[in-house]
Amino acid sequence: MWDRRRILAGLGVGAASGVSRRAWAATPIRPDEASALLVIDVQNCFLPGGSLAVKDGDQVVPVINKIARSFANVVLTQDWHTQAHVSFASSHPGKKPFETIDLPYGKQVLWPDHCVQGSEGAALSKDLSIPQAELIIRKGFHKDVDSYSAFTEADGKTTTGLAAYLKARQVKRVFVAGLATDFCVAWTALDARKADFETYVVEDACRGIDTQGSLAKAWTDMAKAGVKRIQSSDLAA
Ligand code: VGL
Ligand code: ZN
């Protein structure tokens, strides 16, 4: 009756549940000197009350503060757009937020105005508490090119310098957390794989926007690229 497949399915393990989520796993993952935590876009605009608020976005903050304590290397990112940025719906007459347009570098989702350089909305959450964070990477600051990824702009070639920085610091493994799972977190994790980092996304330290199936697609793309999906409880405290 209780064959192996049913037991595994009941535990949510293996093919039946898609990617292993590892929360039950045995050995805790212990970040070492060659590990870096990338904290993506925990900025007021993406938090409740912000112009591009991610549902429950504020709930990532205590989780990130907690896991950050076990990392010697932490890099923060800030989405950092010009006014009238190409990714803003308001820059395209007749277009509304969450519609898409075709740009020279590909399809672009259009967003409400958000994370304008120097604005209060672009500031990091005041509740983030990661005093040892060593670098803040700003991205999306070219008016005509978006950058979800902390590594490479949406044109697919302009680099932010992050891969070279991490390599110069002998980092081999990156752990990605923050907002939003299906955009800046996913694109950062995919580019981390392209740059040959061992890559983990800490699922409960992220929240998604989920427009037009983007969240499910992001997890599928990340699984295909070899990104490991873990929970904060998988990390050694
Ligand atoms: C983001 C949409 C637009 C993100 C940034 O941080 O995921 N999403 N800009
Ligand atoms: Zn943006």
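Check the entry above for the structure.
Report follows, based on the coordinates. (Residues numbered from 1 in each chain as written. Chains lettered and ligands numbered in written order. Predicted model: local features only at pLDDT ≥ 70, side-chain atom pairs only at ≥ 80, totals over all residues. Heavy atoms only, no water.)

1. Looking at the overall build of the protein chain
Along its length, the protein chain carries five helices and eight strands. For the protein chain, the succession of helices and strands along the chain, N to C, is α-β-α-β-β-β-β-α-β-α-β-α-β. Put simply, the protein chain has 237 residues, and 47% of those count as buried. Only carbon and sulfur atoms are counted for the fraction: they give 55% of the accessible area of the protein chain, which is about 11,400 Å². (Helix = DSSP H or I, 4+ residues; strand = E, 2+ residues; numbered from the N terminus. Buried < 20%, exposed > 50% of the residue type's maximum accessible area, 1.4 Å probe, protein only. Areas by Shrake-Rupley, 256 points an atom, 1.4 Å probe, with all protein chains shown as cover.)

2. Comments concerning the packing of aromatic side chains
Under the defined criterion, the tally for this structure stands at eight aromatic pairs. Here Tyr148 and Phe183 contribute two aromatic rings whose centre-to-centre distance is 5.3 Å and whose plane-to-plane angle is 65 degrees, an arrangement assigned as edge-to-face. Of the two residues, Tyr148 sits in the loop between strand 5 (135-139) and helix 3 (162-168) while Phe183 sits in helix 4 (residues 181-194), which places them 35 residues apart along the sequence. Neither residue differs from the other here; Tyr148 and Phe183 are each classed as buried. Aromatic side chains Tyr148 and Trp187 sit 4.8 Å apart centroid to centroid with 85 degrees between the ring planes, which places their arrangement in the edge-to-face category. With Tyr148 in the loop between strand 5 and helix 3 and Trp187 in helix 4, the pair connects residues that are 39 residues apart, well separated along the chain. Put simply, the rings of Phe98, Trp111, Tyr148, Phe183 and Trp187 touch in pairs and so form one group of aromatic residues. Note that Arg138 overlies the ring of Trp80, its terminal NZ or CZ placed 3.7 Å from the centroid. The positively charged end of Lys167 is found above the aromatic ring belonging to Phe197, 5.1 Å away from the centroid. (Phe/Tyr/Trp six-rings, centres within 6.5 Å; stacked < 30°, edge-to-face > 60°. Lys NZ or Arg CZ within 6 Å of the ring centre and 35° of its normal.)

3. Thoughts on the site of ligand 1
Every residue lining ligand 1 is accounted for by Asp41, Phe46, Leu52, Asp79, Trp111, His114, Tyr148, Leu179, Ala180, Phe183, Cys184 and Ile209. At 3.3 Å, a backbone N or O of Leu179 approaches an oxygen atom of ligand 1. For ligand 1, the accessible surface in isolation is 260 Å², of which the surrounding protein chains cover 100%. Grouping the amino acids of the shell around ligand 1 by side-chain chemistry returns nine nonpolar, one polar and two charged. (Near = heavy atom within 4 Å. Polar contact = N/O pair within 3.5 Å; in protein donor to acceptor, adjacent residues only side chain to side chain. Nonpolar A, V, L, I, M, F, W, Y, C, P; charged D, E, K, R; others polar.)

4. What to know about the pairing of strand 6 (residues 173-179)
Sheet faces and side chains relate simply in a regular strand, where the side chains alternate between the two faces. Burial of strand 6 is extensive: seven of the seven residues sit out of reach of the surface. Where burial is concerned, the two faces of strand 6 agree: the one with Arg173, Phe175, Ala177 and Leu179 and the one with Val174, Val176 and Gly178 are both buried. Where strand 1 (residues 35-40) and strand 6 come together, six bridges link them in parallel fashion. Pairing of Ile40 across the sheet is with Gly178, part of strand 6. The sheet contact formed by strand 6 and strand 7 (residues 198-207) spans six bridges and is parallel. The residue bridging Arg173 from the neighbouring strand is Glu198, located in strand 7. In this region the chain leaves strand 6, passes through helix 4 and returns to the parallel neighbour strand 7; the handedness of that crossover is right-handed. (Pairing = 2+ DSSP bridges. Right-handed = clockwise from strand over helix to strand, strands pointing away.)

5. Here we look at the coordination of the zinc ion (ligand 2)
Of the protein atoms, only Asp79 (OD), His81 (NE2) and His114 (NE2) coordinate the zinc ion (ligand 2), at distances of 2.0 to 2.2 Å. Classification of the site at the zinc ion (ligand 2) as irregular follows from its four donor atoms and the range of 88 to 173 degrees in their angles at the metal. Mapped onto the sequence, the residues coordinating the zinc ion (ligand 2) show the spacing D-x1-H-x32-H. Residue classification places Asp79 among the buried residues on the basis of a relative accessible area of 3%. (Donors = N, O, S within 2.8 Å, 3.2 Å for Na, K, Ca; no water. Tetrahedral: all angles 85-135°; square planar, octahedral: opposite > 155°, others 65-115°.)

6. Structural notes on the environment of Ala192
Mapped onto the elements of the fold, Ala192 is located in helix 4. Taking the relative accessible area as the measure of exposure, Ala192 reaches 0% and is therefore buried. The spacing of Ala192 and Phe175 is 17 residues in sequence and 9.7 Å in space, taken between C-alpha atoms.

7. Considerations on the nonpolar core
Taken as a class, soluble globular proteins show a tendency for nonpolar side chains to be buried jointly. If you look at the biggest cluster of nonpolar residues, it comprises 60 residues, and the most contacted ones within it are Leu37, Leu38, Ile64, Leu166, Phe175 and Val201. Going through the elements one at a time, strand 1, helix 2 (60-68), strand 2 (73-79), helix 3, strand 6, helix 4, strand 7 and helix 5 (214-224) are the ones with two or more residues in this core. Contacts of Leu38, omitting those with residues within four sequence positions, involve Val75, Phe151, Leu162, Leu166, Val174, Phe175, Val176, Ala177 and Thr188. Counting residues in hydrophobic clusters, the runner-up holds five residues, among them Ala89, Ile101, Leu103 and Leu110. (Core = buried A, V, L, I, M, F, W, Y, C linked by side-chain atoms within 4.5 Å. Contact = heavy atoms within 4.5 Å.)

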